[in-house]
Amino acid sequence: MKTPEMRRRRRAEGTEVSLEVIESMLDDLLEHELSTAPHVLRTLVVELNADLPAVREVAAHLTPQQRHGLRPLPAPLPLVPPIANMYAAIELSDADRDLLLAAALRLDDRLDPLLEFATRTAHEILVGPAGPHLVIHAGRYRFADPRLAIWLRETTAAAVQVRVHERLEAVFRRRGDRVSAAWHRARSSLHGDPATAAELISIARELSEAGDSDRALLHAAEAAAHAAGVERDEARLVAGAAAIGAGYAAEAGEWLGDLFPEGAERCRLQGLGGLIVALAHLHGDVPDIDPAALRPRTDDHDDWYSWTRAVALAAVLCAERGDRARMRTWLDALREGCARIGAERELRDPAVALSWLLTGEQETIAVEGSGPVSGSVLGALRTALEGDIDGGLRTLANGDGSMGGEADPFVSGFEHSPLVRAYRDVAETLLLVWRGDISLARQRLITASIAAPVAMPFAGLAVVLARRLDLAVLGTLGPFARSMTAALPPGLRVDRLVDRGIEAYLDGAFAKAAAYLQLWQDRGAPETALGIPGLDEVAPAGGQRHDDRRRVEPREQSLARELRRRVSAAADGRWRSEFAAVHAEARMLRSPFARARVEAMLGVHSMIRDDHATARRYLQTARRLFADAGAAAWAASIDRRLALFQLREGPPDEPPDLLASCRHAWESLLTSRELEVAMLVVGGAPNRDIAERLIVSVRTVEVHLGRVFSKLDVRTRVELTVLAHRTSRHL
């Protein structure tokens, strides 16, 4: 059974909508400063029949939080001029209008109750005035154009809608359908009906546990309008839980926040976990509260279980954000709670394992969890980090197929929710990136983004992934990545410096890329908890990390980064042998993307040393591997390098400020004084002027310069200058 809102969302999930249409509309909305989350836009596209003017005008009537998926869409959607004008001349009898209105207000799309309401046969409806507006097939019905349902609900008087709800209640009461009957009775009541509230709360709980979060929220919100006292708290609890399951963080924060501090303690404790999730997403961090202050005031087992699960969620959320200190505080509370209720194996162990895994401690206790998070996601990440990425993907695939009957104590009641589905989708995308399937990962994430709130899991990891994947494939940010970025709440920030550096690097602006990476390093080199490929080709080699958090990634990713570092550092007379050794090790990398970046660096640094034959060989290998990975923008950057392979003799006539990337390249090879001397020589200064500028003797300058020559494998000032400009041009 589906409400109008759920019919809209079910159609959004089940109807084929061209990704090109979604992408084009995302771009249009961005141009009109109406950024919309992809999964929200897909719903609008389906509900508004892909009518771009209507989509744009409806989006303009929505709040930013509704457009960004932090609150549900209004029901019905706003009646905008494109829709009103379409039906301005429609003529319907009262009976036909009531029939179509009943179709718009129904909980589901079964035909028989509609026939009973209309006291007509299907044939009579189809040949009558209402027939052209309905599609009837296999005992189901739908509107030929869903915009008519919006027009009907927005242009029909409230008294008429009440009357239709009353008639529908009678139909479903006769048919023994308590869910539909309760819904229509509540919608037809002009005053609070406590009996209806209790029924709706019960139905909402069932719907929420079945993963029907939108419908559960609708029923619980309706129940709250009729309830009082503790029953109202229960309605708020169910509404908030359903909202967080659907990804509506702002909506969940309001429903669950209303329970504090005066709500019934049982409801507050049951809603605590959802409230922490909502606030962490909205504000970027887990609320700064003492878990002990929220302990149950009774010895009730269920109350302690609710509190314990909430602190488990808080610990994992801190781990997602790299906050080890506060994670430990919540884990201590988790151990206390689990010892009290005897949930060490089912709740403590998975939460502890996932928390430490997200902060880089892979050698944790072996956990055989169950369900989509404690089982599939945790198992897949652990397997991938141990080196078996294909095994991790199989774990996710198997878990996706068995989610129907597998409970997960960590996310009990939310196993089938859109939010938990989003966790699985983001984990799958990450594993595909680690495997080097760049194009496939991008397509998988785009598909996921139009069906689930993918921005919530792992502290916005999907948004960073979307941006890096767009850059790897397109060379710039596309509408999906830009829309997902704009939809992030203010509390979650995406560090754009690395992305700008990658974009500049792929475009051939190497000094600009190096400058962005230096700024990123100066800001503390912020990264996501789970490792995503960045840009170390021009990264400041001498910079120190500003935290002690381990990089959470498979060993192969770490090895590829270490090989690139070795290429950058191999500047003495043994660079040929070092490059050969790096090349041999790179052949062991299974990720085509990771290996291609190593091969590309080998080619670039061989080019800098004028070994053109070797450079061409490395670059051509990199080109093929980037193409295999689907990283079209990286492949195109290699094409440009190969096209410009014929180098001019002598140093290029570039101004000294274009040697910034050269400075970064030599930082790890020279001391700070040697680097100063080298850059002044490249700038054309004689030894005496350098000595005066640095307040040292000419002999000291000569000593430093001799060491520079030795470390960089050059013999004269001219060769040093040529090397500097060649490095600036190619690195």
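Scroll up a little and you will see the structure.
Keep in mind that what you see is a predicted model, and the values were worked out from it rather than measured.

S.K.: Run through the overall build of the protein chain, naming residues and quoting values.
M.R.: Looking only at helices and strands, the protein chain features 38 helices and two strands. Counting over 731 residues, the protein chain shows a buried share of 59%. Contacts in the protein chain between residues at least 24 apart in sequence constitute 70% of all its contacts with a sequence separation of at least 6. Within the structure as shown, the protein chain displays about 29,500 Å² of accessible surface, and the carbon and sulfur contribution to it stands at 50%.

S.K.: If you had to explain the packing of aromatic side chains to someone new, which residues and values would you point to?
M.R.: Inspection of the entire model under this criterion finds nine aromatic pairs. Between Tyr 87 and Trp 151, the ring centres sit 5.8 Å apart and the planes meet at 40°, which makes this aromatic pair tilted. In this pair, Tyr 87 is assigned in the loop between α6 (81–86) and α7 (94–105) and Trp 151 in helix α10 (residues 147–155), connecting sequence segments 64 residues apart. Judged by its relative accessible area of 8%, Tyr 87 falls in the buried class. On the basis of relative accessible area, Trp 151 is assigned to the buried category, the value being 10%. Seen from their ring centres, Trp 304 and Trp 307 are 5.4 Å apart, and the 75° between their planes marks the pair as edge-to-face. With Trp 304 and Trp 307 both in helix α18 (residues 301–320), this residue pair falls three residues apart, about one helical turn. Of the two residues examined, Trp 304 and Trp 307, each falls in the buried class. Cation over ring: Arg 167 sits above Phe 117, and NZ or CZ is 3.9 Å from the ring centre. The cationic tip of Arg 609 hangs over the ring face of Trp 575; the distance from NZ or CZ to the ring centre is 5.1 Å.

S.K.: Explain helix α30 (residues 575–586) to me, and be specific about the residues and the numbers.
M.R.: Since the α-helix packs 3.6 residues into each turn, any two residues three or four apart lie on the same face. Taking 1.5 Å as the rise per residue, α30 with 12 residues should run 16 Å; its terminal C-alpha atoms sit 16 Å apart, in good agreement. Of the positions making up α30, those classed as buried are Trp 575, Phe 579, Val 582 and Ala 586. Buried positions in α30, seen along its axis, are confined to an arc of 65° and lie on one side of it. Of the surrounding elements, those touching the buried residues of α30 are α29 (555–569), α31 (592–608) and α32 (612–629).

S.K.: Go over the packing of α18 against helix α20 (residues 344–358) with me, naming the residues and quoting the values.
M.R.: At a closest axis distance of 8 Å, the pairing of α18 and α20 adopts a crossing angle of 10°. Between α18 and α20, the angle falls in the class roughly parallel. Across the interface between the two elements, Tyr 305, Thr 308, Arg 309, Ala 312, Ala 315, Val 316, Ala 319 and Glu 320 of α18 pack against Glu 346, Leu 347, Ala 351, Leu 354, Ser 355 and Leu 358 of α20. Per-class residue counts for the contact of α18 with α20 are nine nonpolar, two polar and three charged.

S.K.: Account for the environment of Ser 697, naming residues and giving values.
M.R.: Tracing the sequence through the fold places Ser 697 in the loop between α36 (687–694) and α37 (698–712). For Ser 697, a relative accessible area of 37% translates into the label partly exposed.

S.K.: Requested: an account of the pattern of salt bridges, with residues and values cited.
M.R.: Oppositely charged side chains can form a pair if their charged atoms are brought close together. One pass over the full model with this rule turns up 53 salt bridges. Linking Arg 551 and Glu 527 is a salt bridge whose minimum nitrogen-to-oxygen distance equals 2.5 Å. Of the two residues, Arg 551 sits in the loop between α28 (510–522) and α29 while Glu 527 sits in the loop between α28 and α29, which places them 24 residues apart along the sequence. Residue classification places Glu 527 among the partly exposed positions, given a relative accessible area of 27%. Notably, a salt bridge pairs Arg 566 with Glu 585, separated by 2.7 Å at the nearest N-O pair. Here Arg 566 is found in helix α29, whereas its partner Glu 585 is found in helix α30, with 19 residues between them in sequence. Shared partners join several salt bridges into a network, and the residues in it are Arg 106, Asp 108, Arg 110 and Asp 177.

S.K.: Explain the nonpolar core to me, and be specific about the residues and the numbers.
M.R.: Ranked by size, the top nonpolar core spans 175 residues in total, and within it Phe 410, Leu 431, Phe 458, Phe 626, Trp 634, Trp 666 and Leu 720 carry the most contacts. For this core, the element with the most residues is α18, which contributes 13 residues. The residues touching Leu 720, leaving out its near neighbours within four places in the chain, are Trp 666, Ala 678, Val 681, Val 682, Leu 705, Val 708, Phe 709, Leu 712 and Val 714.

S.K.: Help me get a handle on the pairing of strand β2 (residues 140–143), residues and values and all.
M.R.: Alternating residues of β2 divide into Tyr 141 and Phe 143, all buried, and Arg 140 and Arg 142, none buried. Note: strand β1 (residues 134–137) against β2, four bridges, orientation antiparallel. Across the sheet, the residue bridging to His 137 is Arg 140, located in β2. As consecutive antiparallel partners, β1 and β2 are separated by two residues, and within that stretch Ala 138 has a phi angle of approximately 55°, a positive value.

Basis of the calculations
Residues numbered from 1 in each chain as written. Predicted model: local features only at pLDDT ≥ 70, side-chain atom pairs only at ≥ 80, totals over all residues. Heavy atoms only, no water. Helix = DSSP H or I, 4+ residues; strand = E, 2+ residues; numbered from the N terminus. Buried < 20%, exposed > 50% of the residue type's maximum accessible area, 1.4 Å probe, protein only. Contact = heavy atoms within 4.5 Å. Areas by Shrake-Rupley, 256 points an atom, 1.4 Å probe, with all protein chains shown as cover. Phe/Tyr/Trp six-rings, centres within 6.5 Å; stacked < 30°, edge-to-face > 60°. Lys NZ or Arg CZ within 6 Å of the ring centre and 35° of its normal. Expected span 1.5 Å × (residues − 1). Arc of directions from axis to C-beta. Axes fitted to C-alpha atoms, helices over the stretch in contact; angles between N-to-C directions. Parallel < 35°, antiparallel > 145°, perpendicular 65-115°, else oblique. Nonpolar A, V, L, I, M, F, W, Y, C, P; charged D, E, K, R; others polar. Salt bridge = Lys/Arg side-chain N within 4 Å of Asp/Glu carboxyl O. Core = buried A, V, L, I, M, F, W, Y, C linked by side-chain atoms within 4.5 Å. Pairing = 2+ DSSP bridges.

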